[in-house]
Amino acid sequence: MKKSILTTLSVMYAIMSFAQQTIEQSIPTKSIEVVVLESYGNSYCKSSSDNELYIKSQMQVKGKVRGVTVPAERPEFELEYYISSDTLYLKTPQRFSPKIIGISDYSESITNTIEVPRGKKLIIIKAGDIHFDDLQNNLLIQSAQSISLNKLMKANIAELKCTASQSLSLNQEKRAKEFELHGSGNQFLAINATRIQLHIQ
C-alpha cells in the first residue's frame, strides 16, 4: 500500500506556476446610494466625479510549486458583485493558498485600485491594507488590518471616530488607540482597524 501511494505521488509530481492576472470593471452607480466593500490585499481607494464605480485588481506571482497542489487548479481570478435595492455589494479577488505536497516558494500579492463616485456612502466590512487619498463624506470601516487616511482636512470633518486594536498615529505621532474629532464639516467617518494612520491638515 505504501509503495502504491509513493508511486501515485511520483506520477502526479510536477512543477507548477500560475500566471499574473489583471481585471478591470466599471459598474454604473446612478441608482446606488451605498457601496459595501470586502477587500483583500493592498487597496488604494479614492472618490471620483464619475457616475461609475471603477475597480482594477492585479495579481503578482512569485515562485513555483514543485509538487502537487490541492486543488490542482487556481480558482478563477474574478471580482464578485451584485446590486440589491440601492446598495452595491463588491468583493475583490482573494489570494490562492492551496495545500501543497512537495516544495514551494510560490506566493501571490493582490493590489486593488478602487474609485467610488463622490456622494455614495462607503461601508467596508472587511479589508487588508487600505490607503485613502480622498474620502467619501460618509465612510464606515468595520474591520481592516491597516488603514491610512491621507489629506484629511479638519475643516471638512463633522465627526471622526477611530478605534485601533494595535496602534494609532496622528500626523506620524503615536496616540491612544481611540481617537475622536468633532467639527462643523460634512464628513462622517467611523474607523475600526488593527492599525490606523491619520494625516490631518
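Treat the numbers as computed from the prediction; the structure is a model and nothing was measured.

Engineer: Which residues make up the pairing of strand β17 (residues 187-200), and what values do they have?
Structural biologist: As judged from the 4 bridges shared by strand β12 (residues 138-141) and β17, these two strands associate in the parallel manner. Note that in β17 the partner of Leu 139 across the bridge is Leu 189.

Engineer: An account of unusual backbone geometry is needed here, citing residue identities and associated values.
Structural biologist: The backbone of Lys 151 shows a phi angle near 60°, a positive value even though the residue is not glycine. Within the secondary structure layout, Lys 151 lies in strand β13 (residues 144-152). For Lys 151, a relative accessible area of 55% puts it in the exposed group. If you check the backbone angles, Gln 172 has positive phi at about 70° while not being a glycine. Along the chain, the position of Gln 172 falls in the loop between β14 (157-170) and β15 (173-175). The exposed category is assigned to Gln 172, whose relative accessible area is 73%.

Definitions and cut-offs
Residues numbered from 1 in each chain as written. Predicted model: local features only at pLDDT ≥ 70, side-chain atom pairs only at ≥ 80, totals over all residues. Heavy atoms only, no water. Pairing = 2+ DSSP bridges. Helix = DSSP H or I, 4+ residues; strand = E, 2+ residues; numbered from the N terminus. Buried < 20%, exposed > 50% of the residue type's maximum accessible area, 1.4 Å probe, protein only.

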